[in-house]
Amino acid sequence: VQLQASGGGVVQAGESLRLSCAASGRTLRGVAVGWFRHVPGKEREFVAASSRTSGGTLYSDSVKGRFTISRDNAKNTVYLQMNSLKPEDTAVYYCAADASIITSSLRNPIHWDYWGHGTLVTVSS
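1. Re the state of the cysteines
Argument step 1. This model, assessed by the stated rule, comprises one disulfide.
Argument step 2. Residue Cys21 pairs covalently with Cys95 via a disulfide, S to S 2.1 Å. Sign of the S-S torsion, about 65° for the bond between Cys21 and Cys95, identifies this disulfide as right-handed. Here the residue Cys21 occupies a position in strand β3 (residues 17-24), and Cys95 occupies one in strand β9 (residues 91-98), the gap between them amounting to 74 residues. Judged on exposure class, the residue Cys21 and its partner Cys95 are both buried.

This is the structure we're talking about:
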């Protein structure tokens, strides 16, 4: 699976952005997809995921209620709608995919097989 993330940019606090992750090489049906973010000097942080089986979603506490992960199977694309952005959301955002990951492992980046290049989100105060 090849993943291409896009949609990052510079916004002010309180504004919204939508990130996209276009997949190629195989369908995302039955594949778990997720978003992580990274700030230099810190570990890669889990943001959100959609499981491969039930399609259920999972969010980190820091983004729950503000971010929404969704899929468009016809476009083989995953989205991350980010609302009410805060300066602490500033990071490089990465999408990930895995065809065999179990739900209990979704938060851990080491369990994901496929990664896209990051897209930078900068939120100014």
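2. Some words on the nonpolar core
Argument step 1. Within the largest apolar cluster, 28 residues are counted, with the highest numbers of intra-cluster contacts made by Trp35, Val47, Phe67, Ile69, Leu80, Met82 and Tyr93.
Argument step 2. Those elements that place two or more of their residues in this core are β1 (2-6), β3, β4 (32-38), β5 (45-50), β7 (67-72), β8 (77-82), β9 and β11 (119-124).
Argument step 3. Ignoring any residue separated from it by four or fewer positions in sequence, one finds Leu80 in contact with Leu17, Arg18, Leu19, Trp35, Val47, Ala48, Phe67, Thr68, Ile69 and Tyr93.
Argument step 4. Ranked by size, the runner-up nonpolar core spans eight residues in total, among them Phe46, Ala96, Ile101 and Trp112.

Scoring rules and cut-offs
Residues numbered from 1 in each chain as written. Predicted model: local features only at pLDDT ≥ 70, side-chain atom pairs only at ≥ 80, totals over all residues. Heavy atoms only, no water. Disulfide = S-S within 2.5 Å. Helix = DSSP H or I, 4+ residues; strand = E, 2+ residues; numbered from the N terminus. Buried < 20%, exposed > 50% of the residue type's maximum accessible area, 1.4 Å probe, protein only. Core = buried A, V, L, I, M, F, W, Y, C linked by side-chain atoms within 4.5 Å. Contact = heavy atoms within 4.5 Å.

By themselves, these figures tell us nothing about what the structure is for.
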